[in-house]
Amino acid sequence: MYIKRFIIFVTLLFVSFSAPCNRPIIIDKLVKIGKRTVSNRNIEAIIVHSTYNISGGDKYDVDKILRQFTRYKVSAHYLIARNGIIYRLVKEKNISFHAGKSCLPDGNKNVNSHSIGIEVVTSKDSLDAPTVKQMDALVALVKDIKSRYKIKYVLRHSDIAPGRKTDPWNMNWEEFLKQIDK
Ligand SMILES: [Zn+2]
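Residues numbered from 1 in each chain as written. Predicted model: local features only at pLDDT ≥ 70, side-chain atom pairs only at ≥ 80, totals over all residues.

### Thoughts on the overall build of the chain
Counting its regular elements, the chain contains 5 helices and 8 strands. When the elements of the chain are put in sequence order from the N terminus, they spell out α-β-β-β-α-β-β-β-β-α-β-α-α. Going through the 182 residues of the chain one by one, you find that 31% of them count as buried. Contacts in the chain between residues far apart in sequence, at least 24 positions, make up 70% of those at least 6 positions apart. (Helix = DSSP H or I, 4+ residues; strand = E, 2+ residues; numbered from the N terminus. Buried ≥ 20, exposed ≤ 12 C-beta atoms within 10 Å, placed from the backbone. Contact = placed C-beta atoms within 7 Å.)

### Digging into the sheet that holds strand E5 (residues 86-88)
If you trace the 6 strands from one edge of the open sheet to the other, you get E1-E5-E4-E7-E3-E8, paired in mixed fashion. Both outer strands of the open sheet, strand E1 (26-28) and strand E8 (153-156), are each paired with one neighbouring strand and no more. Adjacent strand axes in the sheet meet at a mean angle of 25°, parallel and antiparallel pairs treated alike. Bridge count for strand E3 (residues 45-51) against E8 is 4 bridges, and the pairing is parallel. Residue pairing in the sheet places valine 48 in a bridge with arginine 156 of E8. (Pairing = 2+ DSSP bridges. Axes fitted to C-alpha atoms, helices over the stretch in contact; angles between N-to-C directions.)

### A word on the packing of helix H3 (residues 132-148) against helix H5 (residues 173-180)
Two elements in contact, H3 and H5, have axes whose closest approach is 9 Å; the angle formed by their N-to-C orientations is 50°. Relative to H5, the element H3 is oriented oblique. Handedness of the H3/H5 crossing: right-handed. Across from Met135, Val139, Val142, Lys143 and Lys146 in H3, the residues of H5 making contact are Phe176, Gln179 and Ile180. For the contact of H3 with H5, a count of residues per class yields 5 nonpolar, 1 polar and 2 charged. (Parallel < 35°, antiparallel > 145°, perpendicular 65-115°, else oblique. Left-handed = near helix turned anticlockwise from the far one by under 90°. Nonpolar A, V, L, I, M, F, W, Y, C, P; charged D, E, K, R; others polar.)

### Things to note about the confidence of the model for the chain
Per-residue confidence for the chain gives a mean pLDDT of 91; residues scoring 70 or more make up 88%. Every residue in residues 7-19 is under pLDDT 50, and counting partners more than four places away or in other chains gives 0 contacts. (pLDDT = per-residue confidence, 0-100.)

### Topic: the nonpolar core
Counting 32 residues, the largest nonpolar core has Ile46, Tyr78, Leu79, Ile80, Ile118 and Leu141 as the members making the most contacts within it. The leading source of residues in this core is H3, at 5 residues. Apart from residues no more than four positions distant in its own chain, leucine 79 is found in contact with Val62, Tyr87, Leu89, Glu119 and Val121. (Core = buried A, V, L, I, M, F, W, Y, C linked by C-beta atoms within 7 Å.)

### Focus: unusual backbone geometry
Here the bond from aspartate 167 into proline 168 is cis, since omega is 5°, no more than 30 degrees from zero. Relative to the helices and strands, proline 168 resides in the loop between helix H4 (157-160) and H5. Although it is not a glycine, asparagine 170 adopts a positive phi angle of roughly 55°. With respect to the helices and strands, asparagine 170 occurs in the loop between H4 and H5. Classification of asparagine 170 as partly exposed rests on a count of 16 C-beta atoms within 10 Å.

### Details of H3
In this model H3 runs 25 Å from its N-terminal to its C-terminal C-alpha over 17 residues, within 8% of the 24 Å that 1.5 Å per residue would give. As for H3, its buried residues are in contact with E3, strand E4 (78-80), E5, strand E7 (115-121), E8 and H5. (Expected span 1.5 Å × (residues − 1).)

### Considerations on the pairing of E7
Extensive coverage of E7 is indicated by the burial of 7 of its 7 residues. Judged by which residues are buried, E7 turns out to be covered on both faces: Ser115, Gly117, Glu119 and Val121 on one side and Ile116, Ile118 and Val120 on the other are all buried. Judged from the 7 bridges that link them, E3 and E7 form a sheet pairing that is parallel. What sits directly across from valine 48, in E7, is isoleucine 118.

### Observations concerning the environment of serine 126
Along the chain, serine 126 turns up in the loop between E7 and H3. With 8 C-beta atoms packed within 10 Å, serine 126 lands in the exposed category. C-alpha separation for the pair serine 126 and methionine 171, spaced 45 residues apart in sequence, amounts to 9.9 Å.

Have a look at this one:
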């Protein structure tokens, strides 16, 4: 009897510890500028971006990138570092200023209000593709977001602001779309 209970206990313990493994690990690094706190918004799009530090020093330095965001009064909900760590900059329930002047395929120009923005740290240099760890993290994050909202669009910044924006850079977009539908 005790053995049976013990086995059930161990099984439950194993399940409870293994369950979160499917969800990406996210570290909070919430920003104060480049966002707006709102009480209610309808999330229907995920917009993928690239960013890097252009102010000198390590182009992949996360803190330098965040200082750059503060200067330009922009942000994203998430930023994925080169090592695959996902930082939460803005809570999903709030609006992040990541899209700028842009338009969703259905004509909605209020993109920030209806989307979640994800920055992948990559430079424009054609040799600087996102790392495998970054792409794994991005796929896990997008799948997780899609499981929680009715997402109509997963788009590149360049899809919603053609002629103005070219990011995400050096990303195999077709392969990424295949991965998130698996
Ligand atoms: Zn962008």
